[in-house]
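Topology and contacts: notes
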Amino acid sequence: MKDTSMTTTPRHSTRLSRRTFLGAMATGAGLIGLPFSLRAAPGATDSAIAFDSDELILADGTLSRSDGDGGWIRLSGPAAGGIRSLATHPGRPGRIAAGLAGGGVTLSEDGGHGWEARSQGLPDAPVTAVTVAAAEPDTIYAAIRGDGLWKSENAGRSWALAMDRPWLADAERDLTALASVDLATGMGGIWIYAGTELGLTRVPDCFCRWQDVQPGDAMDALASGKPAPSEAPLPEGETINALVSASSLPTRLYAALPSGIWMSEDAGVVWSQKSNARALAVAVHATNADHVVAITRDGLIESRDGGANWTALVRA
Amino acid sequence: MRRKVILLSVVAVASLAAIASFAQVQGGNVRAADVTFLGQPVTAEQIVRGKEIYAENCASCHGAKLEGQPDWKRRLENGRMPAPPHDESGHTWHHSDQDLFAITKLGVGGVVPGYESDMLAFGDILSDEEIAAVLAFIKSTWPERQRDVQARITASDGDGS
């Protein structure tokens, strides 16, 4: 399925009809009146970042890799074009999965220098997010716009539908971010957290149902007689552009939102704002949960103390 | 001749004893002795009864062969998910005995607050014993791997086996 939001004007026509003009004016006025988070299409940011061991892979129009010495190496990138999401796993250094705006998943096994399409069986639609299963490095999840969550157990060589999209506010919602969170569901597996245009949701990796983030495991809701613990969710109605869980500390989550960078210490129940820079993508180091890097509208920023302090990362 | 008759009789008795102790349950894939529910052994009679109750109350949605509704991973027009399979291709075996009992008795919304489902709460339709029998039947159809995984989930959930 192709993105139908783009329109083209026939080259031979230079006149605008009254209906077209009024329609365009109404659309423009409507867009101006909307909050920015609602105007952004789900998973619309073609910015992505991920740690590959101690180095960073950065996609923001071009693809580059930090060289470990303060510099950056420009990479040719996958032939299929714009990267919307990147995912790595500490158990597979050098392997990078990329979700493509033009559709499909591509994989590099050499730190981003060479790329191979791994889209066999996937619907032909934009891949809005990818993540690697925390406990199974050959298992990759991909969120497909207008479709659902897909799963590959062989590093992308074949794919199968795992789950339809979540139903939120009376409609199916595209996934804009994915993170495999290595915390037990109480159902023999771990969680997959997901961002949407309306906020956070999650599903156990047995794929029984999308559900809100709650304290404890999925079935603690049975103990309804207990007093409800305190909660501080992410800002309501904001698109989650990216979401990561620290491998060394799975309860630590970072989220990139239009309102900034947010962090949770308890797997998504209580969130606190760590930066008000409009955030497009975020990555956390596999063995140092305090080391976080984000792509913002103001540029690339880095924190080595869990988001308490940020410094600009210069790209030479 | 007499020795041969005695030998045959012994073999026949032994065979009957083996059949009795490893009762292969009609409709299930495993011996009743291999199935427990909430830590208690399940009898062949419970499984047979559970199969009957399943056919009367569950099969219309979850399928006569526990196969679930067609395309069960895709949402229905009303936003709800179709009835999933109860065989090994579904996710039922990822839930503990306690949770399966609660979901059947209270409905999914009774376990996950606010979750909307077409699944009825069977607490007003079936007795606790009948719900346990249905679940025993479903568990009897699972291959060994799924039963083992589900037994560990049940054990880690508190009151299970």
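Presented here is a report on the structure given in the accompanying data block. This is a predicted model, so every value here is computed, not measured.

What counts and what doesn't
Residues numbered from 1 in each chain as written. Chains lettered and ligands numbered in written order. Predicted model: local features only at pLDDT ≥ 70, side-chain atom pairs only at ≥ 80, totals over all residues. Helix = DSSP H or I, 4+ residues; strand = E, 2+ residues; numbered from the N terminus. Buried ≥ 20, exposed ≤ 12 C-beta atoms within 10 Å, placed from the backbone. Contact = placed C-beta atoms within 7 Å. Axes fitted to C-alpha atoms, helices over the stretch in contact; angles between N-to-C directions. Parallel < 35°, antiparallel > 145°, perpendicular 65-115°, else oblique. Nonpolar A, V, L, I, M, F, W, Y, C, P; charged D, E, K, R; others polar. Pairing = 2+ DSSP bridges.

Moving on, we get to the overall build of chain B. Of regular secondary structure, chain B possesses six helices and two strands. Reading the helices (α) and strands (β) of chain B from amino to carboxyl end gives α-β-β-α-α-α-α-α. When each of the 161 residues of chain B is scored for burial, the buried share is 34%. Sequence-distant contacts in chain B: of pairs separated by 6 or more residues, those separated by 24 or more amount to 52%.

We now examine the overall build of chain A. The helix and strand tally for chain A stands at two helices and 25 strands. Across the 316 residues that make up chain A, the buried fraction comes to 47%. Pairs at least 24 apart in sequence give 47% of the contacts found in chain A among residues at least 6 apart.

Residue and element names in this part refer to chain B. Here helix H2 (residues 44-57) crosses helix H5 (residues 128-140) at 100 degrees, and the two axes come no closer than 7 Å. By the angle between their directions, the pair H2 and H5 is classed as roughly perpendicular. Note on element contacts: H5 touches H2 through Glu130, Ala133, Val134, Ala136, Phe137 and Ser140, opposite Gln46, Ile47, Arg49, Gly50, Lys51, Ile53 and Tyr54. Here the residues of the contact of H2 with H5 sort into seven nonpolar, three polar and three charged.

You will see that aspartate 170 of chain A, though not glycine, has its phi angle at about 65 degrees, which is positive. Looking at the secondary structure, you find aspartate 170 of chain A in the loop between strand E13 (167-168) and strand E14 (171-172). Residue classification places aspartate 170 of chain A among the exposed positions, given that 6 C-beta atoms sit within 10 Å. Although it is not a glycine, leucine 38 of chain B sits at a positive phi angle of roughly 50 degrees. Checked against the element boundaries, leucine 38 of chain B lands in the loop between strand E1 (36-37) and strand E2 (40-41). Of the residues examined, leucine 38 of chain B has 17 C-beta atoms within 10 Å and is grouped as partly exposed.

Taken together, the 18 residues of chain A in the interface contact 17 residues of chain B. Considering each element in turn, the side of chain A that touches chain B owes the most residues, three residues, to strand E12 (residues 160-164) of chain A. Class assignment for the residues of the side of chain A that touches chain B results in ten nonpolar, four polar and four charged.

Here the focus is the pairing of strand E6 (residues 96-100) of chain A. Residues and elements named next belong to chain A. Of all five residues in E6, five are buried, a share of seventy percent or more. Sheet topology places strand E5 (residues 83-87) next to E6; four bridges connect them, and they run antiparallel. Its bridge partner lying in E6, isoleucine 83 is registered against leucine 100. Summarising the sheet, E6 and strand E7 (residues 105-108) pair through four bridges and their orientation is antiparallel. In the sheet register, glycine 99 faces E7, and the bridge partner there is valine 105.

Residue and element names in this part refer to chain A. If you trace the four strands from one edge of the open sheet to the other, you get E5-E6-E7-E8, paired in antiparallel fashion. The outermost strands of the open sheet, each flanked by one partner alone, are E5 and strand E8 (116-117). Here two bridges tie E7 to E8, and the two strands are oriented antiparallel to one another. Bridge pairing in E8 places leucine 107 opposite glutamate 116.

Turning our attention to the environment of tryptophan 72 of chain A. All names here are of chain A. Note that tryptophan 72 resides in strand E4 (residues 72-75). For tryptophan 72, a count of 19 C-beta atoms within 10 Å puts it in the partly exposed group. Spatially, the C-alpha atom of tryptophan 72 lies 9.1 Å from that of leucine 56, the residues being 16 residues apart in sequence.

The next subject is the sheet that holds strand E10 (residues 140-144) of chain A. Whenever strands of a sheet pair, they do so through backbone hydrogen bonds, lying parallel or antiparallel. Residue and element names in this part refer to chain A. One open sheet accounts for four strands, arranged E9-E10-E11-E12; its pairing is antiparallel. Looking at which strands have only one partner, the edges of the open sheet turn out to be strand E9 (127-132) and E12. Recorded for the sheet is a direction-independent mean angle of 25 degrees between the axes of neighbouring strands. Where strand E11 (residues 148-152) and E12 come together, four bridges link them in antiparallel fashion.

Attention now goes to the environment of alanine 87 of chain A. All names here are of chain A. Mapped onto the elements of the fold, alanine 87 is located in strand E5. For the pair alanine 87 and arginine 202, spaced 115 residues apart in the sequence, the C-alpha separation amounts to 18 Å. Contacts of alanine 87, omitting those with residues within four sequence positions, involve Ala50, Ala97, Val130, Thr131 and Val132.

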